[in-house]
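If you want the building blocks of each chain, they are given just below.
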Amino acid sequence: MTDAALNGPSSSRVNRIQDSYMVQVRRRRMYGGLTLGIFVLLMVSGFAIADDRNAGGFWDGWRQVLDFPADVMSEAWEKRAEVPGLLVEFFPALLETINIAAASTLIGAMLGLILALLSTRGLAKWPRLIPLFRRIMDIMRAVPEIVIALVLIFILGGGPVPAMIAIAFHTAGALGKLYSEVAENADLKPVEGLGSTGATWSQRMWLGVLPQVAPNFLSYTLLRFEINIRASAILGFVGAGGIGAELRHAMSWGPGRFDEAAAIFLLLFGAIVFFDQLSSRYRNKMIEGQ
Amino acid sequence: MLTLDKLTKTFGDKKAVDNVSFTVDRPMMIGIIGRSGAGKSTVLRMLNRLSDATSGSIKFEGRDITRLKGAERRNWQSRCAMIFQQFNLVPRMDVVSNVLHGTLNRRSTLATMFNLYPDSDIHKAIEILDRLGIAEQAPKRAEALSGGQQQRVAIARALMQDPAIILADEPIASLDPMNAQIVMQALRRIHEEDGRTVVANLHTLDTARRYCDRVVGMRDGRVVFDGTPEQLTTGVARDIYGAGANFSEAATSTEIETLEKTARDYALPA
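Each value, and the rule that gives it
Residues numbered from 1 in each chain as written. Chains lettered and ligands numbered in written order. Predicted model: local features only at pLDDT ≥ 70, side-chain atom pairs only at ≥ 80, totals over all residues. Helix = DSSP H or I, 4+ residues; strand = E, 2+ residues; numbered from the N terminus. Buried ≥ 20, exposed ≤ 12 C-beta atoms within 10 Å, placed from the backbone. Contact = placed C-beta atoms within 7 Å. Pairing = 2+ DSSP bridges.

**Q** Please clarify how the overall build of chain B should be interpreted in this entry.
**A** A count of helices and strands for chain B gives nine helices and 10 strands. Expressed along its principal axes, the backbone C-alpha trace of chain B runs to roughly 65 × 40 × 35 Å. Going through the 270 residues of chain B one by one, you find that 43% of them count as buried.

**Q** Explain unusual backbone geometry to me, please; I cannot follow it from the model alone.
**A** Excluding glycine, a negative phi dihedral is what most residues carry, and trans is how most peptide bonds are arranged. All names here are of chain B. Notably, Asn-88 is not glycine yet its phi reads approximately 50°, a positive angle. Residue placement: Asn-88 occurs in the loop between β6 (80–83) and α3 (95–100). Accessibility expressed as a C-beta count within 10 Å gives 14 for Asn-88, which makes it partly exposed. With phi around 50°, Asp-162 is a residue other than glycine that occupies positive phi space. Topologically, Asp-162 is positioned in the loop between α6 (147–160) and β7 (165–169). Residue classification places Asp-162 among the partly exposed positions, given that 17 C-beta atoms sit within 10 Å.

**Q** How should I be thinking about the interface of chain B and chain A in this particular structure?
**A** When the parts of a complex come together, some accessible area is lost, and that lost area is often taken as the interface size. Counting residues at the interface gives 17 residues for chain B, matched by 13 residues for chain A. Ranked by the residues each element gives to the side of chain B that touches chain A, the list is headed by helix α5 (residues 119–131) of chain B, at nine residues.

**Q** Where do I start with the pairing of strand β4 (residues 55–60) of chain B in this structure?
**A** Side chains on a regular strand alternate between the two faces of the sheet. All names here are of chain B. Sheet analysis places strand β1 (residues 2–11) next to β4, joined by five bridges and oriented antiparallel. Its bridge partner being in β4, Asp-5 is matched across the sheet by Ser-57. Note: β4 against strand β5 (residues 63–64), two bridges, orientation antiparallel. For Phe-60, the partnering residue across the bridge sits in β5 and is Arg-63. A loop of two residues connects β4 with β5, the two strands running antiparallel in sequence, and Glu-61 in this loop sits at a positive phi of about 50°.

Geometry only, nothing functional implied.
The structure is reproduced here in structure tokens:
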């Protein structure tokens, strides 16, 4: 009953459309199947190669994956009475780590903002230099924080400042890329409107683009802040101080100080959860409010 | 066939739909009119179970559909197709795929994720498109079509569901008059040829008059009129829209009927 009243010329026309569409569908299905096949092949072969080169071997080793966490947990559980004290003891170290993360996120975000606006089509001050600024951001992203930190620690000596510079450098590249993608979707009409009043490029960006993109920028920045907390904890392992240094002491000691390791993990987890909650609240406020 | 009984929906302390009751005993084309915020869309959304009723019930062929859950609810939704003001198609997929979405309830999730539909369904989808006069657009992306064509794709998706009821929420509100006429005629034809019930929310009085067998007027969540198009006089319309004596039908429609009876009319204060 929903079928068309098939009659004469109309029916042959419909058949033609059906046939040509079916050809298209078959071609698409073939491509889909091929893609799936290649994907499976790559997965299997990639896994096989990785397993071959692995010193221990995945199939023998994976059962022991949980041994270390289990050791830490059982020891921490035995000494659970001491954990609250340890939390208080390590809290200043956590503050130092968060401090590094906050400073580097701020500096990185400011630098990233400038790089992003300079490398976004339609907004850039010098459109011809867009590729240059893009490559600069690529380089900033490509170099791992830990490499920059090691070099800087070698030159400047250990401490929070080299870690801060290293993380800020990487953050500028990463946020610049994300910012630029958001700014690309911004509405250009307000920018044109401001341009018609004789505004400078900085005025157009600050007053025409930023209000549109601010909520997205903010949420990317807060996400980056979370990542940077973790990054600055890791840099503690190579001599940047903060909670990472304490974690290294606790873990390299081996059994006997696992309660400290557990307390540090708890602190890190708590800090991440705290900032996640905080960021989602402020982001919602910014989107709804005003 | 279809019975709404004391259907109520509250948002916070505001009653969007207030004690709505009416019965449809045979397939017909029903127009619901009223100004924006009168609760028309909410009624349709509760019929399709896109939103839940606060109290009251909707019975279809003796079964209370307001209490359905999970797979049963989805099954009801597949029998009660919905057409939206903004078409609500997937813009980046081609027209035929959009029409095939009408069969989602019958197919496995995995097969549909990879766009694998039986050939017979694909043929049927194109036949339905041909019935609505847009078979030529079959391989194009939905976003490449004009508004009127997109709305016909949405109707084709609804027909693909092979539904007992078609709900249309302001189907012509974002279309130009020419396309609006084509879409309304398509809905009317579906009612006449397939014997399906069509319930449409409409903005304009003349559309309701011209295409519907029965008109329900809503105001502030309540049904204030329920009758044939002939009974829908200017006075009644004024009541529905809550307009004063200066209300002219031209305000809501393109077809201007005479306003002779102005003096003794129900003119309620707005």
